[in-house]
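Coordinates in review
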Amino acid sequence: MTIQKHTMTHLPLGDHKTAPWYGKDILSVKQFDRLDLEYIFGVAHEMHDMVDHIGTFDLLKGKILANLFYEPSTRTSSSFTAAMERLGGSVIPINEVKYSSVAKGESLPDTVRTLECYADVIVLRHPEVGSAAIAAKAARKPVINAGDGIGEHPTQALLDAFTIREELGHIDGLTVTLLGDLKHGRTVHSLARLLSLYKVKLNYVSPDILRMPAELMDELSQKGVEQTEYTTLDACLPETDVLYVTRVQKERFADEAAYESVKGAYVINAEVMKAAKQRMIVMHPLPRVGEIDPAFDEDPRAAYFRQMEYGLYVRMALLAMVLGKA
Ligand code: CP
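What comes next is a walk through the structure.

1. A word on the overall build of the chain
Looking only at helices and strands, the chain has nine helices and nine strands in total. Put simply, the chain has 326 residues, and 57% of those count as buried. In the chain, of all internal contacts separated by at least 6 residues, the share reaching a separation of at least 24 is 75%. In the form shown here, the chain has an accessible surface area of approximately 13900 Å², with 52% of it arising from carbon and sulfur atoms. Across the chain, 36 positive and 44 negative side-chain charges occur, with their mean positions spaced 4 Å apart.

Written out as structure tokens, the structure reads:
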């Protein structure tokens, strides 16, 4: 299945310095309400149309993005770069901080204050929870959190929600099953929070040592979200509309033996998926390390490569918004 083309909605793309997101940081999904999401999805939709029709355009001509990554990334880093370049802007890529002055001991606030001398917006991935907030406090320019340790990955959650809406037409009323490393997975933390804005049922499937953090479950319970925990997928797969698979995050384990005990806990393949609905989707933030059989990729329900493409449009929307052009 390919991503469908859509008709132009003609959202206002132009110079809107009074736009609500102009100059704002994007640090957590807690910043957003449903109206914000509708707005972001509308702009992302428009970006999709613009890319389909004209490829690259000059909305952010002359603007510069500093892409500052202290942790490895393929999708987030390259999609922010592609987003900025599709919008006519340019990028300072710092994907290997060991070749920057970070290697000489420069602090995060000083690094950010340096980059904002040269750039209009900073995208930051960092291994420590709260690092994006520290960077945002130091910076005068907008900071976008591209993942802070096991904390949050808000732009991933936005693209995930956009994917669900584009693929299934709506979010309210869906049963979403989050599978894998729910303890360390910042994508599932952000997505669960974001989905709590909708009327969804959440299932959590994980080994006992990788359960969804209790504080997050309490937070969502207080919002009235129905949540159920499982250690196996079979009981909840048949009712699932969105199966969100995550890898077990080896780099977050202090104990190698603990990682080995859970690393192959779940594998999604054609046989397993016989129990699932025909109209549902399988998502994954990627990279995958064995939890989805590549032979399943040709199944129309496998949405994870389309999900990556949706990420480009959402990140184009976010850059345009914080730079006052949407
Ligand atoms: N989904 C995601 O964050 O992928 P990368 O680590 O490749 O950026």
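There's more to say after this.
2. Remarks on the site of the ligand
Surveying the vicinity of the ligand reveals the residues Ser73, Thr74, Arg75, Thr76, Arg125, His153, Gln156, Pro285 and Leu286. Side-chain polar atom of His153 to an oxygen atom of the ligand: 3.0 Å apart, as the coordinates give it. Pro285 has a polar backbone atom sitting 2.8 Å from a nitrogen atom of the ligand. Within the complex, 92% of the 260 Å² of free accessible area of the ligand lies under protein.

3. Focus: the packing of aromatic side chains
The final tally for this structure, using the stated rule, is five aromatic pairs. Ring geometry for Trp21 against Phe32: centres 5.2 Å apart, planes inclined by 35°, an arrangement best described as tilted. Taken together, the residues Trp21 in the segment before helix H1 (34–54) and Phe32 in the segment before H1 connect sequence positions eleven residues apart. Exposure class is identical for Trp21 and Phe32. Each is buried. With 5.6 Å between their ring centres and 90° between their planes, Phe162 and Tyr310 make a pair best called edge-to-face. Within this pair, whereas Phe162 is found in helix H5 (residues 154–168), its partner Tyr310 is found in helix H9 (residues 304–322), the two being separated by 148 residues in sequence. One aromatic cluster is present, built from ring pairs that chain together Phe41, Phe162 and Tyr310. We note Lys24 situated over the ring of Trp21; from NZ or CZ to the ring centre the distance is 5.7 Å.

4. A short note on the packing of helix H2 (residues 75–86) against H9
In contact at an axis separation of 8 Å, H2 and H9 are set at 55° when each is read in the N-to-C sense. In terms of orientation, H2 lies oblique with respect to H9. Along this stretch, H2 crosses H9, giving a crossing that reads as right-handed. Between H2 and H9, the contacting residues are Arg75, Thr76, Ser79, Phe80, Ala82, Ala83, Met84 and Arg86 on the first element and Met308, Leu312, Arg315, Met316 and Leu319 on the second.

5. Focus on the sheet that holds strand E1 (residues 64–69)
Ordered in space as E2-E1-E3-E4, the four strands form an open sheet in which the pairing is parallel. Bordering the open sheet on either side are strand E2 (90–94) and strand E4 (143–148), each of which pairs with just one other strand. Looking at each pair of strands side by side, their axes are set apart by 15° on average, direction ignored. As defined by bridge partners, E1 adjoins strand E3 (residues 121–126) across five bridges and the pair is classed as parallel. Paired with Phe69 across the bridge in E3 is Arg125. Across the sheet, H2 is in contact with E1, E2, E3 and E4; its angle to E1 comes to roughly 175°.

Calculation criteria
- Residue indices begin from 1 for each chain and proceed along its sequence in written order.
- Side-chain atom pairs in this predicted model are given and counted only at pLDDT of 80 or more, local residue features only at pLDDT of at least 70, and totals for whole chains, interfaces and linings cover all residues.
- Each side-chain value is worked out from all heavy atoms of the structure, with water and hydrogens disregarded.
- Secondary structure elements follow DSSP: runs of H or I of four or more residues count as helices, runs of E of two or more count as strands, with numbering from the N terminus.
- Residue exposure (1.4 Å probe, protein chains only): buried if accessible area is under 20% of the type maximum, exposed if over 50%, otherwise partly exposed.
- Throughout, a contact is declared for two residues whenever any of their heavy atoms are within 4.5 Å.
- The method behind every accessible area is Shrake-Rupley, applied with a 1.4 Å probe, and residues are considered shielded solely by the protein chains displayed.
- Under the convention used here, Asp and Glu are negative, Lys and Arg are positive, and both His and the chain ends fall outside the count.
- For charged residues, the charge sits on one atom: NZ in Lys, CZ in Arg, CG in Asp, CD in Glu.
- The nearness test applies per residue and asks whether one of its heavy atoms lies within 4 Å of the molecule or strand.
- For this analysis, a polar contact is any N or O atom pair within 3.5 Å, provided that within protein one partner can donate a hydrogen and the other can accept it, and provided that sequence-adjacent residues contribute only side-chain to side-chain pairs.
- Within 6.5 Å between ring centres, the rings of Phe, Tyr and Trp (the latter by its six-membered ring) count as paired, and their orientation is classed by plane angle as stacked under 30 degrees, edge-to-face over 60, tilted in between.
- As a reminder, the over-ring test applies to NZ of lysine and CZ of arginine, requiring each to be within 6 Å of the ring centre and within 35 degrees of the ring normal.
- As a rule, the C-alpha atoms of each element are fitted with a line to give its axis, helices using only the stretch in contact, and angles between N-to-C directions run from 0 to 180 degrees.
- By definition in this entry, angles of less than 35 degrees are roughly parallel, angles greater than 145 are roughly antiparallel, angles of 65 to 115 are roughly perpendicular, and the rest are oblique.
- In this scheme the handedness of a crossing depends on how the near helix is turned from the far one: anticlockwise by less than a right angle means left-handed, clockwise means right-handed.
- By definition, two strands form a pair when at least two bridges between them are found by DSSP.

Honestly, that's just the spatial picture; any functional story needs more than this.
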